[in-house]
Structures are given as structure tokens and as C-alpha cells.
Amino acid sequence: MLPSQAYANISFFQPPAFLMIGIPGMEVVHGWISIPFSSTYSAAITGNYLTLLAVRKTPRLHQPMYYFLSMLALTYVGLTLFTLPTTLAVLWFDHRLISFNACLIQMFFLHFFSVVESSVLLAMSFDHFVAISNPLRYAAVLTNNVIIKIGLAIVALATVSLFPVPFLLKRLNFCPNKTLLSHSFCFHADVMKRACADITVNIIYGLYAVLSTVGVDSLLIVLSYTLILHTVMGLASPQEHLRALNSCVSHILAVLVFYIPVIGVSMIHCFGRHLPHIVHTLVAYVYLVIPPVLNSIIYSIKSKPIREAMMRVLKRKGQG
């Protein structure tokens with residue numbers, strides 16, 4: 001920890017590094033705790049990489065819904081790779097320091113991938129709506145060029161929305177005696193609370209960034225499924241109802257896996273200040289670690305084409 005006395009006469013201070021923590025109160029067993037964390041990270045990277053390979057190497061999966069699934073898998077790989085190094089460094093080696101600039105970079109990409117994840121889930125709901133409401137024009141509406149444009153728009157939106165965030169933090173005067181973070185990675189809400197300056201602008205812009213991306217996406221996803229349900233109710237037979245709704249189950253589960261932890265983290269930050277710190281830590285880990293793991297599991301169980309393609313990829317790897 002940096003001693004405050006050494007910086008008493010400095011009017012503007014930015015810490016050279018922040019100090020991260022693992023699981024508070026359980027430092028003695030961090031080595032054992034690292035085993036399930038390592039397994040979870042490995043499962044997330046392996047499962048989503050396998051999804052990417054399955055779509056790439058299977059020509060009949062070269063369709064819009066599987067392209068969007070690939071975008072989601074790639075997003076989860078990126079999210080996992082940006083949380084894994086610092087988390088395992090804390091749990092394995094008790095290496096708790098992260099430089100100020102490295103913290104801002106990690107923070108940007110954690111939130112970037114979260115915004116991309118939300119937008120891809122919205123794109124997938126649009127894909128389901130087009131497939132169910134107008135199947136004859138599905139291929140004409142969602143061409144490869146359209147999918148590429150949607151992907152680029154998602155990346156551009158996330159970049160533009162979050163680009164000011166690190167610079168808004170760099171203008172702040174930080175407290176020399178408040179360099180201890182609440183997690184083993186850098187969150188915007190956590191980092192800005194280490195400042196000794198007025199953070200009203202940071203709070204307002206952070207709220208705007210969340211509402212204009214994840215907030216709007218969630219409303220549009222609900223709207224998409226309202227329209228899907230209206231279309232399904234207009235189908236002639238109960239069998240068609242079931243077939244149409246069954247095609248959406250994987251995506252609905254993926255949406256719930258993403259938004260339930262997001263809501264949990266938001267509620268904890270807003271109303272859970274009285275809760276033990278370990279609760280905040282565990283909810284944050286669930287938010288970042290569980291969705292990447294469950295994504296490949298959900299689609300491998302619920303989607304027969306993905307499951308068969310994954311098995312073929314594994315067989316080729318085994319024979320090679």
C-alpha cells in the first residue's frame with residue numbers, strides 16, 4: 001500500500017499501480033480455490049473455441065444464426081482472456097499489483113466485450129424474428145454483407161460508447177491511501193471510487209453508456225420476442241407453435257445467462273453496500289465467468305447441428 005504521508009503535498013495524484021484482491025477472507029486457501037477457477041476458464045475457452053471451429057469447418061452451418069453464434073463465442077473468448085491473467089496471478093502467485101494504465105486497458109475491454117455480448121444477443125433475436133415471421137425472405141434479408149455490417153456496427157457502437165471512459169478516469173485526482181480494488185480485475189465503478197475528486201461526470205456517463213447499450217438492447221430483445229410470440233400465435237397448428245418456439249430456446253437461455261448476472265451486479269452495487277464483501281466478489285465472478293462457460297454447453301445440448309459439428313471436430317483432432 002502506498003503511504004499517504006509521502007504524497008501529502010501533491011495536488012494531483014494518480015497511483016502507479018492498484019492492488020487487487022482475490023476472495024476476501026480466504027487468502028490462505030487461494031491455491032485450492034484456483035483449481036475450480038482454472039477449470040472454469042479452461043472450459044470457457046475450450047468450449048467457445050470448439051464452437052468457432054465447428055461453425056468454420058462445417059459448410060451447412062454457414063448460415064446467419066451460426067455466424068451470430070460465432071460472434072458470441074468469440075466475444076466470450078475475449079472476455080475470458082482479459083479476466084484470466086490477473087485472476088490467476090492473484091490466486092496462484094499472490095501477484096496483486098496492476099499498473100494504472102494496464103488497469104484502464106483491462107477495464108475498457110471487460111466492458112467492451114460485455115456491450116458486444118449484449119448487442120450480439122440482440123442481433124440473434126432479430127435473426128430469430130426474421131426466420132419465424134418471414135422464412136421465405138430470410139436468406140435475402142440476412143445476406144453475408146448484412147451480417148458483416150451488423151458485426152462492424154456492433155464493434156463500432158461498443159468502441160464509441162466506451163472510448164471516453166478511460167480518459168474520464170485519467171483526469172481524476174486519486175487518493176494515495178485508496179489503491180485497493182474490490183476484485184482481481186478492474187471494473188469502472190470500482191476504479192472511480194478510488195478517486196478523491198468529484199466523480200459525478202463519471203457516474204452520469206457510465207449510466208448513460210450502460211442504458212444506451214445494454215439497456216436499449218434488452219428492451220429491443222423483449223420487443224423482438226413479443227413480435228415473435230405474436231407471429232407464432234398466428235400459426236395454424238400446435239406442432240408449428242412448438243417447432244417455432246423450440247428454435248428460440250437456446251437463445252432465450254443465453255439471454256437469461258447474460259442478463260440475470262448483469263441485473264445481480266447492478267443490484268449489488270446500488271443496494272447491497274451492507275452485504276459482506278465476499279458477496280460482491282462472488283457476484284462479479286459469476287457475471288464474468290459463468291456466461292462464457294454456459295454458452296457452449298447450452299448450444300451443444302439444445303442445437304443438434306452444433307453438437308454434431310463439435311463431435312466431428314473432436315474426432316478429427318483425435319485422429320490427427
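In what follows, the structure referred to is the one given above.
A few points on the structure. (Residues numbered from 1 in each chain as written. Predicted model: local features only at pLDDT ≥ 70, side-chain atom pairs only at ≥ 80, totals over all residues. Heavy atoms only, no water.)

## Points about the overall build of the chain
Stage number 1. What the chain contains, in helices and strands, is twelve helices and two strands.
Stage number 2. Principal-axis analysis of the C-alpha atoms gives the chain an extent of 75 × 45 × 35 Å.
Stage number 3. In the chain, which comprises 320 residues, the proportion classed as buried is 46%.
Stage number 4. Excluding contacts between residues fewer than 6 apart, the proportion of contacts in the chain whose partners are at least 24 apart in sequence is 80%.
Stage number 5. Total accessible area on the chain stands at roughly 16200 Å², and carbon and sulfur atoms take up 71% of it. (Helix = DSSP H or I, 4+ residues; strand = E, 2+ residues; numbered from the N terminus. Buried < 20%, exposed > 50% of the residue type's maximum accessible area, 1.4 Å probe, protein only. Contact = heavy atoms within 4.5 Å. Areas by Shrake-Rupley, 256 points an atom, 1.4 Å probe, with all protein chains shown as cover.)

## Let's talk about the pattern of salt bridges
Stage number 1. Applying the stated rule across the entire model yields three salt bridges.
Stage number 2. A salt bridge links R194 to D190; its shortest N-O distance comes to 2.3 Å. Each of the two residues, R194 as well as D190, counts as buried.
Stage number 3. Note that E308 is salt-bridged to K304, the shortest N-O span being 3.9 Å. Taken together, the residues E308 and K304, both in helix α12 (residues 304-319) and four residues apart, mark about one turn of the helix.
Stage number 4. Through salt bridges that share partners, R60, K304 and E308 make up one connected network. (Salt bridge = Lys/Arg side-chain N within 4 Å of Asp/Glu carboxyl O.)

## Things to note about unusual backbone geometry
Stage number 1. Its identity as a non-glycine residue notwithstanding, D94 has a phi of 55°, on the positive side.
Stage number 2. Structurally, D94 can be placed in the loop between α2 (64-93) and β2 (97-99).

## Observations regarding the packing of helix α1 (residues 30-57) against α2
Pairs of packed helices are described in terms of their axes, by the angle between the two and the distance that separates them.
Stage number 1. Two elements in contact, α1 and α2, have axes separated by 9 Å at closest approach and are oriented at 160°. By the angle between their directions, the pair α1 and α2 is classed as roughly antiparallel. Between α1 and α2 the crossing geometry is left-handed.
Stage number 2. By residue class, the composition of the contact of α1 with α2 is 19 nonpolar, ten polar and no charged. (Axes fitted to C-alpha atoms, helices over the stretch in contact; angles between N-to-C directions. Parallel < 35°, antiparallel > 145°, perpendicular 65-115°, else oblique. Left-handed = near helix turned anticlockwise from the far one by under 90°. Nonpolar A, V, L, I, M, F, W, Y, C, P; charged D, E, K, R; others polar.)

## Re the layout of surface pockets
Stage number 1. Approximately 1000 Å³ is the volume attributed to the largest pocket.
Stage number 2. Around the largest pocket, the lining comprises 33 residues; the ones closest to its centre are A189, G206, L207, V210 and S266.
Stage number 3. Grouping the constituent residues of the lining of the largest pocket by class yields 22 nonpolar, nine polar and two charged. (1 Å grid on protein atoms, 1.4 Å probe; cavity = no way out; pocket = protein on both sides within 12 Å on 5 of 7 lines; lining within 4 Å. Points joined across faces, edges and corners; volume = space filled by probe spheres on them.)

## Some details on helix α3 (residues 100-133)
Stage number 1. Between the first and last C-alpha of α3 there are 50 Å, a value that for 34 residues agrees with the 50 Å anticipated at 1.5 Å per step.
Stage number 2. The buried fraction of α3 is high, at 25 of 34 residues. (Expected span 1.5 Å × (residues − 1).)

## A closer look at the environment of V232
Stage number 1. When you line up the elements, V232 lands in helix α8 (residues 200-233).
Stage number 2. Judged by its relative accessible area of 0%, V232 is buried.
Stage number 3. For the pair V232 and R243, spaced eleven residues apart in the sequence, the C-alpha separation amounts to 9.5 Å.
Stage number 4. Discounting residues that sit within four places of it in the chain, V232 has contacts with I132, H241, A244 and L245.

## Some details on a nonpolar patch on the surface
Stage number 1. Residues M26, V28, V29, W32 and I35 make up a contiguous nonpolar surface patch of about 560 Å² in total accessible area.
Stage number 2. Here V28 falls in the exposed class, since its relative accessible area comes to 83%. (Patch = residues over 30% accessible without salt bridge, like charges linked within 9 Å, V, L, I, M, F, W, Y side chains within 5 Å.)

## A word on the state of the cysteines
Stage number 1. All chains considered together, the criterion is met by two disulfides.
Stage number 2. A sulfur-sulfur separation of 2.1 Å characterises the disulfide bridge that pairs C103 with C186. When the S-S torsion is -125°, as for the bridge of C103 with C186, the disulfide is left-handed. Placement of the pair is C103 in helix α3 and C186 in the loop between α6 (164-170) and α7 (188-192), with a sequence separation of 83 residues.
Stage number 3. The connectivity of the disulfides in the chain is 1-3, 2-4, where the numbers refer to bonded cysteines in sequence order. (Disulfide = S-S within 2.5 Å.)

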